[in-house]
Amino acid sequence: MKLRRILVNALLVVVILAIVAGSGGAFYLLRYLPNTVAPQSFPQVDGEIQADGLDAAVNIYRDAMGIPHIYASTPHDLFFAQGFVHAQDRFWQMDAWRHIGSGRLSEMFGSAQLETDAFLRTLGWRQTAEAEWDQLDPQARAILQSYTDGVNAYLKDHTGAAVSLEYAILKLLSPDYVIQPWAPVDSLTWGKAMAWDLRGNMGEEIERAVLLKTLSAAQIAELFPPYPEDHPVIVNQFDGGVTRAPEAGDVAQFDLPEQALLGVERNTALLDPVLGRKGDGIGSNSWAVSGKLTATGQPILANDPHLGIQMPSIWYQLSLHCQPKNADCPYDVAGFTFAGVPGVVIGHNDRISWGFTNVGPDVMDLYIERVNPENPNQYEVNGAWVDFETRTETIQVAGGDPVTLRVRSTRHGPVISETYGPLMDQGDDQDFQPFKERAGVDLPEAYVIALKWTALSPSTPFESIWGLNRAQNWEDFRSAARAFHVPAQNLIYADVEGNIGYQMPGDIPIRAKGDGRFPVPGWTDDYEWIGTIPFEQLPYLFNPAEGYIVTANNQVPPRNYPYLITTDWDYGFRANRITQMIQGAAGQVDVATIQRMQADALDANGPVYVPLLAQMNFKAASPNQAVAMDLLLKWDYQARADSPAAAVFASFWRHLLQNTFNDELPERYWPDGGSRWNEIMRRLTADSTWWDDQATPEMVESREDMLNKSFAEAVSELEKTLGRDPAQWRWGDLHAATFRNQTLGESGVAPIENLLNRGPFPTGGGEGIVNATGWSVVDGYETNWLPSMRMIVDWSNLNQSVTVHTTGQSGHAYHPHYADMAPLWAGNQYYPMLWDTQVILQDAAGHLVLTP
């Protein structure tokens, strides 16, 4: 669980002391903190506040959901006010995020985060962000500085628990912690964190390399099938004047020691507790439907980004309005922001709308660097020894002494194999002895592994975001998209003129040799990146004949596209279902149609495996088995929260994957669900050897044996977890969503968690489903990632646009807007996405004026 290691011991001490103190300590934890301390941080939303640095008065109207609508006469004041309201509602979240981005978690939470900080410092996100700041043009710098001034204007008059309840708890753990002023680079570091969260396929590359040590190439191919021919790609045809890209050629595939691969994997996994584990399915849905298919004749755009579950929501909704809008103040925009970053990331302005889904390109390569055996400070480049680039990092540790870290980098990037745990032989363990390359070339006597990643070159996605905020048409949109280097996103588009479009931007490397699937030699130029795919040759669409565009992390380019983007796409089950629903509603699509689509919970595994269950020689061993089978046979394949059949099938599916594959795969690569495993199972034939249980050498199990066994285990599990009455089984009770504070809410100490966490909320949907709520075959059914917001923009009337995000606008526990959206989100309900000023004023629940 996220950050559990940080706090569990220290907080246990606090709780024990409270118990020892008797009723006074319990009163402090259970009554004083929520009733007296928490309200100290609730923001002022009415009246007037003087804020030094403004050009003129700024009006901030908060609607019934607590969403600010900001009206200002200059860009400076607009972004100043955005920084001010972000700090009012979410500064703890902002503070935690900037410490992640800079590798400074130990300053807040002590020595338990040293390993994580060391790896973050090795990656050098802060250094990259500082280089980005140096390269920004004056307009971009002005936006960041204005925002920073607004954050600090709020902090000037607030400290400790007056900023957020969490600081009162942190004071018990890190008494010397002091909130530092915000800096523009703090905002830029979050771009690196999001790039990591939406990174490509390095995990799959390591997994393939490890599995090749025990499985055949044919088995690997079954576990990593190609993108299905019967599922849609985003761009079916492309004519971008593409010149044939370099062929991959013969690739040196080193048989690296498993410890080396797992050492890199372990280091990258250090970020999972703070940024969330990258899972199959995390990505998003978006689609645009043209007026020729809608009931109004105007386009509709939909987006629901899938991200890890957290408290508060990753999104903060607001609108920014220049009064008047003109060339000097060109912003009139509404949508979703990141607390800590100026501008609107996803949303619409008065002319265009846009949404994101993740591309997941292969933009990370691992290079094996040959180290000089006689001088470990050097590595080889084309036959010559050159010095590693080095820098010294000092990590400040709450409650402890500073720790010094020496970071080494090669021409490709940081050395990520040695921050913790050596990867070369340091003794007699034969597993660490050098292996030979399959082609017969020796692995170097001494080596390290360096990471080349596009996000470590200075470029911020937020320049593109600010361009999108100002864009007035398709040409402006593409111009802004050109600046979106990393993380590469599918950008969906619709506008007031009736157009729909799509653009894939991003820095996608072109390799001189190889395809990025395996670690490659770093000591020659044979495997260098020789450029990136030109923007003009990246896939795009404008007003396609079909009248719709669907993106759901599925394959982007046509099947004959000459460049490599990745081979590890989502397998297109969501995209296929969305396409089917649009086609089925052609000519009648409206906002209500899109709402039903975003709530759609069709489990594509059901139509494949329920008929197989019906065909098998089944004899119920108990009355509940008979009832459960009847539920499945009558199921409509919708994984709704109130469905008993969906609970039966999910449990059956979990046991089927475990029974089929756990006996032959290392535990760390046991199936965890998602679209890849959906496709694996869809392709698995009745005579596959995977069905045989390796733990029973005296017999050979069949598919029917595994189906019977898995079904029986599912019924037994549900009887234990949900009771013995199948009529009371509910998928939503198994699959509930609990929203946990990313830091203190993951402590493992119940009194602290109860202060900050909210839930559980019964939840429908699942993996590979349009209502994409993730769960783990390994860990259990609880929702672990989800549609972090749902947005529907209606160009027939922007006031009819609707949306919802997961928790609430406020980051302050016990505030009325801390979790008021969670029941709406769980029930697939929405609230209006207010736009016209008159409508906003009519709905205003608060009116704050910031004055110079």
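What you see is a predicted model; the values in this text were computed from it and never measured. (Residues numbered from 1 in each chain as written. Predicted model: local features only at pLDDT ≥ 70, side-chain atom pairs only at ≥ 80, totals over all residues. Heavy atoms only, no water.)

Draft legend 1. Representation of the overall build of the chain in the model. Looking only at helices and strands, the chain has 26 helices and 31 strands in total. Relative to its length of 852 residues, the chain is compact, with a C-alpha radius of gyration of 27 Å against a globular reference of 29 Å. Counting across all 852 residues of the chain, residues that qualify as buried make up 62%. In the chain, the share of contacts with a sequence separation of at least 24, taken over all contacts with a separation of at least 6, comes to 75%. A total accessible area of about 30100 Å² is found for the chain, and carbon and sulfur atoms account for 50% of it. With 58 positive and 102 negative side-chain charges, the chain shows a separation of 2 Å between the mean positions of the two kinds. (Helix = DSSP H or I, 4+ residues; strand = E, 2+ residues; numbered from the N terminus. Rg over C-alpha atoms; globule rule 2.2 N^0.38 Å. Buried < 20%, exposed > 50% of the residue type's maximum accessible area, 1.4 Å probe, protein only. Contact = heavy atoms within 4.5 Å. Areas by Shrake-Rupley, 256 points an atom, 1.4 Å probe, with all protein chains shown as cover. Lys, Arg positive; Asp, Glu negative; His and termini not counted. Charge placed at Lys NZ, Arg CZ, Asp CG, Glu CD.)

Draft legend 2. Spotlight on the state of the cysteines. Scanning the model with the defined rule gives one disulfide in all. A sulfur-sulfur distance of 2.0 Å marks the disulfide that ties Cys-322 to Cys-329. The sign of the -75° torsion about the S-S bond sets the Cys-322-Cys-329 disulfide as left-handed. The class for Cys-322 is buried, based on a relative accessible area of 6%. For Cys-329, a relative accessible area of 1% corresponds to the buried category. (Disulfide = S-S within 2.5 Å.)

Draft legend 3. Fine view of the sheet that holds strand S20 (residues 520–521). Overall, mixed pairing links the three strands, which are arranged S16-S11-S20 in an open sheet. Strand pairing shows two members of the sheet lacking a second neighbour, strand S16 (447–453) and S20, which therefore form its edges. When strand S11 (residues 364–370) meets S20, the two strands line up parallel, connected through two bridges. Following the sheet pairing, Tyr-367 is matched in S20 by Val-520. (Pairing = 2+ DSSP bridges.)

Draft legend 4. Summary view of the packing of aromatic side chains. Considering all chains together, one arrives at 33 aromatic pairs under this definition. Taking the centre distance of 5.0 Å and the plane angle of 35° together, the rings of Trp-775 and Tyr-781 count as tilted. Neither Trp-775 nor Tyr-781 differs from the other in exposure class; each is buried. Three or more aromatic residues joined by ring pairs form one cluster here, namely Tyr-609, Trp-635, Tyr-637, Phe-649, Phe-652 and Trp-653. (Phe/Tyr/Trp six-rings, centres within 6.5 Å; stacked < 30°, edge-to-face > 60°.)

Draft legend 5. Examining the pattern of salt bridges more closely. Per the counting criterion, the structure on display carries 32 salt bridges. Its salt-bridge partner being Asp-95, residue Arg-98 comes within 2.8 Å of it at the nearest N-O pair. Here Asp-95 and Arg-98 lie together in helix H3 (residues 75–102), a separation of three residues that amounts to about one turn. Note on accessibility: Arg-98 and Asp-95 belong to one class, buried. Its salt-bridge partner being Asp-186, residue Arg-98 comes within 3.0 Å of it at the nearest N-O pair. (Salt bridge = Lys/Arg side-chain N within 4 Å of Asp/Glu carboxyl O.)

Draft legend 6. Spatial organisation of the pairing of strand S29 (residues 802–805). Residues of S29 alternate between two faces, with Val-802 and Val-804 on one and Thr-803 and His-805 on the opposite face, all of them buried. Of the pairings in the sheet, the one linking strand S28 (residues 789–794) to S29 comprises four bridges and is antiparallel in character. Bridge pairing in S29 links Met-789 to His-805. One ladder, built from two bridges, connects S29 with strand S30 (residues 831–832); its direction is antiparallel. Bridge assignment links Thr-803 to a residue of S30, and that residue is Tyr-831.

Draft legend 7. Expanded view of the sheet that holds strand S5 (residues 300–304). Sheet architecture is open: six strands sit in the order S23-S4-S5-S28-S29-S30, paired in antiparallel fashion. Either end of the sheet is taken by a strand with one partner, and the two such strands are strand S23 (548–551) and S30. Two strands pair when backbone bridges link them, and S5 and S28 are joined in this way by four bridges, in the antiparallel orientation. Paired with Leu-301 across the strands is Val-793, a residue of S28.

Draft legend 8. Just the packing of helix H6 (residues 125–135) against helix H9 (residues 184–197), in detail. Packing of H6 against H9 brings their axes to within 8 Å, and their N-to-C directions diverge by 125°. Judged by the inter-axis angle, H6 sits oblique to H9. Relative to H9, the crossing made by H6 is right-handed. Along its contact with H6, which presents Trp-125, Arg-126, Thr-128, Ala-129, Glu-130, Glu-132 and Trp-133, the element H9 presents Pro-184, Val-185, Asp-186, Leu-188, Thr-189, Lys-192, Ala-193 and Trp-196. Among the residues making up the contact of H6 with H9, the classes are represented as eight nonpolar, two polar and five charged. (Axes fitted to C-alpha atoms, helices over the stretch in contact; angles between N-to-C directions. Parallel < 35°, antiparallel > 145°, perpendicular 65-115°, else oblique. Left-handed = near helix turned anticlockwise from the far one by under 90°. Nonpolar A, V, L, I, M, F, W, Y, C, P; charged D, E, K, R; others polar.)

Draft legend 9. Focus on the packing of helix H18 (residues 606–615) against helix H19 (residues 623–633). Relative to each other, H18 and H19 sit at 135°, their axes nearing to 10 Å. By the angle between their directions, the pair H18 and H19 is classed as oblique. Handedness of the crossing formed by H18 with H19: left-handed. In this structure, H18 uses Val-610, Leu-613 and Ala-614 to contact H19, whose residues at the interface are Met-629, Leu-632 and Leu-633. Classifying every residue of the contact of H18 with H19 by side-chain character gives six nonpolar, no polar and no charged.

Draft legend 10. Looking closely at the side chain of Asn-285. Its location among the elements puts Asn-285 in strand S4 (residues 285–289). Side chain to side chain, Asn-285 and Arg-574 meet in a polar contact 2.5 Å long. Reaching out from Asn-285, the side chain makes a polar contact with the backbone oxygen of Val-770 at a distance of 2.8 Å. The contact partners of Asn-285, leaving out residues within four places of it in the chain, are Ala-302, Asn-303, Asp-304, His-306, Thr-357, Thr-551, Ala-552, Arg-574, Ile-578 and Val-770. (Polar contact = N/O pair within 3.5 Å; in protein donor to acceptor, adjacent residues only side chain to side chain.)

Draft legend 11. Molecular detail of the environment of Asn-326. Secondary-structure assignment places Asn-326 in the loop between strand S7 (316–322) and strand S8 (332–337). Of the residues examined, Asn-326 reaches a relative accessible area of 33% and is grouped as partly exposed. Once the C-alpha coordinates of Asn-326 and Gly-584 are considered, the two residues, 258 residues apart in sequence, prove to be 43 Å apart. A distance of 3.0 Å separates a polar side-chain atom of Asn-326 from the backbone nitrogen of Asp-328.

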